[in-house]
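Given next are the chains, with one letter for each unit.
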Amino acid sequence: MTEYTVAELMAVSLAREIKDGDRVLQGLYSPLPMMACLLAKNFHAPNMVYFNTADTIDPQPKEVPFSTAGPALQERAVAYIPLWQTFDLAQRGDLDLIFLGAAQVDKYGNTNLSVIGPYEKPKVRLPGGAASAHLCALMETVIWVPRHNARVLVEKVDFVTGQGHLPGGRDRKEAGIPKGGPRKVVTNLCVMDFEPETKAMRLVSLHPGVTLDEVKENTGFELIIPERVETTEPPGKEHLEFMREIDPKGVRELEFH
Amino acid sequence: MEEKVFTLKEAVSRFINDGDVVAVGGVGRNRSPMALVREIVRQGKKNLHIVGREKGMDFDMLIGAGCARKVSFALVSLEEFGLAMNFRRKAQAGEIELDEHACDSVITSLRAAAMGLPFLPVRGMFGSDVYRVSKSLTEITCPFTGEKLAAVKAIKPHVTIIHAHQADKYGNVRIQGSPFEDILKAWAAQRTIVTVEEIIDHEEIRKNPHLTTIPYIYITAVIHQPKGAWPASCDRYYDSDREEVRAYAQAIKTPEGFQEYLEERVLNRRD
């Protein structure tokens, strides 16, 4: 079997969430979403549209940049599009998917990138949620978590920066944001989705070599465990070759040092 | 058209006042107007209200050096080099006022200013605590459809600072790569200061008007400043200097480290 890193497994798992024809936006400090978009476009979703924080459409970088708004994401693009125009598309309902990182994710997929502790007097002031408070209200999201532990996967976030399913059930509708919501959570240990009725997080697949106990121990709430738990499909040889060719310096590993 | 070529020192001294609302160009560490930021720090400007979407070392330095009192932002981070520690420390100590946004809402606040309007509506935002705590966002009902939307209050910059690729001496500017919100920021502001990699001949502008991204009517001062974005990138000219950003990230771990960095690389150095 071909050797691969957990970053490579996560990149491929994120890429699988992109369907052919999807319009997808990759944000700042998003090395894995950047790899996922490039993988999807190169393999199973040639008609996806790749928007990014370098303000370009469909770039084909020879080598991916460290800053995911960096100049290399202009190479062989078809056009520039300022991000505010991409947000206009989102507001019209013409953007399909974004990937979200977070300091905390709760069992309903709400994400926090603002504060730990009370907002006015925070224990830790975090960077801020970038586009999330706007885009999470408008479309489906996939959350990526490079460090799956009980401090990140929490019962309730300290602050809802990005709207998940809110307290659960029908609450998005009541809040006035009926469309979209988090679809999947991809971590370094497993892939999870949301149970359709309660909207609570549910295990889908364990990454090869990861045990159920490991996931339970590292999750700060009671995860729904279905009867049948799959094993996450590892990256293929062609995916690994592609990633290693466009990313010789290991940008995809940045979040794992 | 009047000539408006200045030195860095003259432009910052004449066109940026204490207490101004300052929109800052670039995204992350890409085409950030770092030479202008360092000059603002050297001149010890105070009580600025700085505005930007996803910002990095530029905001962190202005905050750490005590130039900024209020910050309108969606994210302040050093990307793979970690947290913007000056931003974090001053926010935790309550020493700066935060006007937290989503990317789209902070951009919309500038679009409103560019359009001469007091606010613009956006769809989304509801259900987020960013919306709940914000003094810049409130609910409105569309008078035509009845849809509930979030109204975003305009932010009118006194001055916008950007770094671009080229301009002529009259301030006809060419941004030749990722536009970010720089053009919008120039439209929104009363004054715009631009540093450029190259000053080009006016005839060149006349020959290729389709390449002008910001015409002179929006520009107050042009400064010839090669490497004016360093250590941020300037597409087509240079990539970001990761070693310098790493050194900065290391230095800001403590207030003392940041002070040393400032003295060594900003206060006692000229751009």
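Residues numbered from 1 in each chain as written. Chains lettered and ligands numbered in written order. Predicted model: local features only at pLDDT ≥ 70, side-chain atom pairs only at ≥ 80, totals over all residues. Heavy atoms only, no water.

### Some points on the overall build of chain A
No. 1: Check the secondary structure of chain A and you find seven helices and 15 strands.
No. 2: In terms of overall dimensions, chain A is globule-like: its C-alpha atoms have a radius of gyration of 18 Å, near the 18 Å expected for 257 residues.
No. 3: Taken along the three principal axes of its C-alpha coordinates, chain A extends 45 × 45 × 35 Å.
No. 4: Residues classed as buried in chain A amount to 61% of the 257 residues present.
No. 5: Put simply, 68% of the contacts in chain A that link residues at least 6 apart link residues at least 24 apart.
No. 6: Surface summary for chain A: the accessible area is close to 10300 Å², and the carbon and sulfur share equals 50%. (Helix = DSSP H or I, 4+ residues; strand = E, 2+ residues; numbered from the N terminus. Rg over C-alpha atoms; globule rule 2.2 N^0.38 Å. Buried < 20%, exposed > 50% of the residue type's maximum accessible area, 1.4 Å probe, protein only. Contact = heavy atoms within 4.5 Å. Areas by Shrake-Rupley, 256 points an atom, 1.4 Å probe, with all protein chains shown as cover.)

### Some thoughts on helix H2 (residues 34–42) of chain B
No. 1: In terms of burial, H2(B) is largely enclosed, as eight of its nine residues are buried.
No. 2: For H2(B), the full list of buried residues reads B:Met34, B:Ala35, B:Leu36, B:Val37, B:Arg38, B:Glu39, B:Ile40 and B:Val41.

### Some words on the sheet that holds strand E8 (residues 137–141) of chain B
Residues and elements named next belong to chain B.
No. 1: Judged by pairing direction, the sheet is antiparallel, and its three strands sit side by side in the order E7-E9-E8 without closing on themselves. The open sheet is flanked by strand E7 (119–122) and E8, the only strands paired with a single partner. Pairwise comparison of adjacent strand axes, ignoring direction, gives a mean angle of 40 degrees for this sheet.
No. 2: Taken strand by strand, helix H5 (residues 103–114) contacts E7, E8 and strand E9 (148–153), and its axis lies near 145 degrees from that of E7. (Pairing = 2+ DSSP bridges. Axes fitted to C-alpha atoms, helices over the stretch in contact; angles between N-to-C directions.)

### Considerations on the interface of chain B and chain A
No. 1: Counting residues at the interface gives 49 residues for chain B, matched by 45 residues for chain A.
No. 2: The junction of chain B with chain A conceals about 3900 Å² of combined surface from both sides, 59% of it contributed by carbon and sulfur atoms.
No. 3: Linking chain B with chain A are two salt bridges.
No. 4: For B:Glu100, the salt bridge identified is with A:Arg125, shortest N-O distance 2.9 Å.
No. 5: On inspection of chain B and its partner chain A, the count reaches 25 residue pairs in polar contact (both at pLDDT 80 or more).
No. 6: Of all the elements in the fold, those that place two or more residues in the side of chain B that touches chain A are strand E5 (75–76), helix H4 (85–92), strand E6 (97–100), H5 and helix H6 (129–133) of chain B.
No. 7: Per-class residue counts for the side of chain B that touches chain A are 20 nonpolar, twelve polar and 17 charged. (Buried area = accessible area lost by both parts, 1.4 Å probe. Salt bridge = Lys/Arg side-chain N within 4 Å of Asp/Glu carboxyl O. Polar contact = N/O pair within 3.5 Å; in protein donor to acceptor, adjacent residues only side chain to side chain. Nonpolar A, V, L, I, M, F, W, Y, C, P; charged D, E, K, R; others polar.)

### A closer look at unusual backbone geometry
No. 1: Residue B:Pro231 is reached from B:Trp230 by a cis peptide bond, and omega for that bond is 5 degrees.
No. 2: Among the secondary structure elements, B:Pro231 is positioned in the loop between strand E13 (221–224) and helix H9 (242–251).
No. 3: Backbone geometry at A:Asp55 places phi at a positive 65 degrees, although glycine is not the residue there.
No. 4: Secondary-structure assignment places A:Asp55 in the loop between strand E2 (49–52) and strand E3 (56–57).
No. 5: In this structure, A:Lys199 is a non-glycine residue whose phi angle is positive, near 65 degrees.
No. 6: One can find A:Lys199 in the loop between strand E13 (190–194) and strand E14 (201–206).

### Focus: the sheet that holds strand E11 (residues 153–154) of chain A
Residues and elements named next belong to chain A.
No. 1: Strand order in this open sheet of three strands is E7-E6-E11, and the pairing throughout is mixed. Two strands bound the open sheet, and with one partner strand each, they are strand E7 (111–112) and E11.
No. 2: The sheet contact formed by strand E6 (residues 104–106) and E7 spans two bridges and is antiparallel. Directly across from glutamine 104, in E7, lies its bridge partner asparagine 112.

### Here we look at the pattern of salt bridges
No. 1: The tally for this structure, following the rule as stated, stands at 39 salt bridges over all chains.
No. 2: Between B:Arg111 and A:Asp88 there is a salt bridge; the shortest N-O distance is 2.9 Å. Note that B:Arg111 is positioned in helix H5 and A:Asp88 in helix H3 (residues 83–92), a pairing that runs across two chains.
No. 3: On the accessibility criterion, B:Arg111 (19% relative accessible area) is buried.
No. 4: Between A:Arg183 and A:Glu140 there is a salt bridge whose closest N-O contact spans 2.8 Å. Placement of the pair is A:Arg183 in strand E12 (residues 181–187) and A:Glu140 in strand E10 (residues 140–145), with a sequence separation of 43 residues.
No. 5: When salt bridges that share partners are traced, they join A:Glu8, A:Arg244, A:Asp247 and A:Arg252 into one network.

### Here's the deal with the packing of aromatic side chains
No. 1: Under the counting rule described, the total for this entry stands at seven aromatic pairs over all chains.
No. 2: The interplanar angle of 15 degrees and the centroid separation of 4.8 Å between the aromatic rings of A:Tyr119 and A:Phe159 together place this pair among those described as stacked. In this pair, A:Tyr119 sits in the loop between strand E8 (115–116) and strand E9 (124–125) while A:Phe159 sits in the loop between E11 and helix H5 (171–175), placing the two residues 40 residues apart along the sequence. One exposure class covers both A:Tyr119 and A:Phe159, and it is buried.
No. 3: Centre to centre, the rings of B:Phe73 and B:Phe87 are 5.3 Å apart; their planes meet at 75 degrees, and the pair counts as edge-to-face. Residue B:Phe73 is found in strand E4 (residues 68–73), and its partner B:Phe87 is found in helix H4; the two are separated by 14 residues along the sequence. Across the pair, B:Phe87 and B:Phe73 agree in class, each one buried.
No. 4: Members of the aromatic cluster, connected to one another through ring pairs, are B:Tyr248, B:Phe258 and B:Tyr261.
No. 5: It is B:Lys227 that lies over the ring of B:Tyr238; its NZ or CZ is 4.9 Å from the centre. (Phe/Tyr/Trp six-rings, centres within 6.5 Å; stacked < 30°, edge-to-face > 60°. Lys NZ or Arg CZ within 6 Å of the ring centre and 35° of its normal.)

### So, a nonpolar patch on the surface
Residue and element names in this part refer to chain B.
No. 1: Nonpolar side chains collect at one region of the surface, where Met1, Tyr216 and Ile217 lie side by side and expose about 310 Å² of accessible area between them.
No. 2: Locating methionine 1 in the fold gives a position in the segment before helix H1 (8–15).
No. 3: Looking at methionine 1, the relative accessible area reads 46%, which means it is partly exposed. (Patch = residues over 30% accessible without salt bridge, like charges linked within 9 Å, V, L, I, M, F, W, Y side chains within 5 Å.)

### Quick notes on the domain arrangement of chain B
All names here are of chain B.
No. 1: Under the domain assignment, chain B is made up of domain 1 (8–118 + 154–264) and domain 2 (120–153).
No. 2: Each of domain 1 and domain 2 has a C-alpha centre, and these two points are 28 Å apart.
No. 3: Each partner contributes residues to the interface: domain 1 has 15 residues there, and domain 2 has nine residues.
No. 4: Carbon and sulfur atoms supply 69% of the area buried between domain 1 and domain 2, which totals about 870 Å² over both sides.
No. 5: When the buried area of domain 1 at its contact with domain 2 is split by residue, Glu100, Ser105 and Thr108 rank highest and sum to 37% of it.
No. 6: Counting across the domain 1 and domain 2 interface gives one residue pair in polar contact (both at pLDDT 80 or more).
No. 7: Secondary-structure elements contributing two or more residues to the side of domain 1 that touches domain 2 are E6 and H5.
No. 8: Partitioned by chemical class, the residues of the side of domain 1 that touches domain 2 number seven nonpolar, four polar and four charged. (Domains from an automatic or database assignment.)

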